[in-house]
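Take a look at the letters that make up each chain.
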Amino acid sequence: MNQYQTFYNLHHATQPLVIANAWNSKSAQLIEKAGFDAVATSSGAIAASMGYPDGEQMPFAEMLYIISRIKAATSLPLSVDFERGYTDDPELLNQHVQQLIDAGAVGINLEDNQGEELYLKKLTSVKNYLLKTGQQLFLNARTDVFLQKLDKPLETTIKRAGLYKDAGADGLFVTGVQDEEIVRQIVAATTLPVNVVGVAKLSNIQTLADLGVKRISMAGILFGAVYKKTEAMLAGIKADNSLSDLF
């Protein structure tokens, strides 16, 4: 079984795939050491670690380099936070996809925050490219309806789920949801495996499993928690005039 098939199957298992998001090689190694079944990247965490703001402000070439180093450091299946694809041009988008596959990625998240019309063009382009070239890549369709606070978010999300499935998506990643009943309704409305972020109000893995969620992401939360603790440690060293907090 290749890594793509392993990753695909993890989205259709009895228990949800809990996936931690790395931002460099070391974090990916720790994720593997802890026993996780797969690793994802967080574009926001990678950008912040390299001194860039989030939102495709980091050049794709630099992002690709970090992804290649992460993959080189771990044997886990790797899914990439691809944001909006780092281009609106279908040909260049497909080139980027090929570069990610060549780097070892078996999945991507692709965001729809530019609107569903442009998104469907991008998703269709990628799916057709994969079919044409005989390659496999798990396409996790990320919809930011709740995050963007659009009108009728539940209805719009369900509508997009159908459109994205028909266009070839393998999963549905719904950001910005924090209500269990909303999650339940989304899961019931689509046959795609549903992915949510394990935010504070949805942090219990078994609760999410009972709701039918198939993938639970940490997004940039792990990165933020690590550096929050680092910041507190450094502040303690200055305040106490001691290095004891390091030991």
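Residues numbered from 1 in each chain as written. Predicted model: local features only at pLDDT ≥ 70, side-chain atom pairs only at ≥ 80, totals over all residues. Heavy atoms only, no water.

K.L.:
An account of helix α2 (residues 25-33) is requested, with residue identities and associated values reported.
P.N.:
Taken together, the buried positions of α2 are Ser27, Ala28 and Ile31. The buried side chains of α2 occupy one side of the element, clustering within an arc of 100° when seen end-on. Among the exposed residues of α2, those oriented more than 90 degrees off its buried face are Lys26 and Lys33. Summarising the contacts, the buried residues of α2 are in contact with β1 (17-22), β2 (39-41) and α4 (60-73). With its phi angle positive at about 100°, glycine 35 sits one or two positions after the end of α2. (Buried < 20%, exposed > 50% of the residue type's maximum accessible area, 1.4 Å probe, protein only. Helix = DSSP H or I, 4+ residues; strand = E, 2+ residues; numbered from the N terminus. Arc of directions from axis to C-beta. Contact = heavy atoms within 4.5 Å.)

K.L.:
I'd love a proper account of the packing of helix α7 (residues 153-166) against helix α8 (residues 180-189), names of residues and values included.
P.N.:
Contact geometry of α7 with α8 gives a least axis separation of 10 Å together with a crossing angle of 25°. The orientation of α7 relative to α8 falls into the category roughly parallel. The hand of the α7/α8 crossing is right-handed. Across the interface between the two elements, Leu154, Thr157 and Ile158 from α7 touch Ile182, Gln185, Ile186 and Ala189 from α8. (Axes fitted to C-alpha atoms, helices over the stretch in contact; angles between N-to-C directions. Parallel < 35°, antiparallel > 145°, perpendicular 65-115°, else oblique. Left-handed = near helix turned anticlockwise from the far one by under 90°.)

K.L.:
Outline the sheet that holds strand β6 (residues 171-174), listing residues and values.
P.N.:
The strand order β1-β2-β3-β4-β5-β6-β7-β8 describes a closed barrel built from eight strands, whose pairing is parallel. Pairs of neighbouring strands in the sheet enclose a mean axial angle of 25°, with direction left out of account. As judged from the two bridges shared by β2 and strand β3 (residues 78-81), these two strands associate in the parallel manner. Across the sheet, alanine 40 pairs through a bridge with serine 79, a residue of β3. On the sheet, α2 packs against β1 and β2 and is oriented at approximately 155° with respect to β1. (Pairing = 2+ DSSP bridges.)

K.L.:
With reference to specific residues and values, describe the packing of aromatic side chains.
P.N.:
According to the stated counting rule, one finds 10 aromatic pairs in the structure shown. When the ring of phenylalanine 7 is compared with that of phenylalanine 138, the centres are 5.5 Å apart and the planes differ by 85°; the resulting orientation is edge-to-face. Taken together, the residues span a long stretch of sequence, with phenylalanine 7 in helix α1 (residues 3-10) and phenylalanine 138 in strand β5 (residues 138-143) at a distance of 131 residues. Neither residue differs from the other here; phenylalanine 7 and phenylalanine 138 are each classed as buried. (Phe/Tyr/Trp six-rings, centres within 6.5 Å; stacked < 30°, edge-to-face > 60°.)

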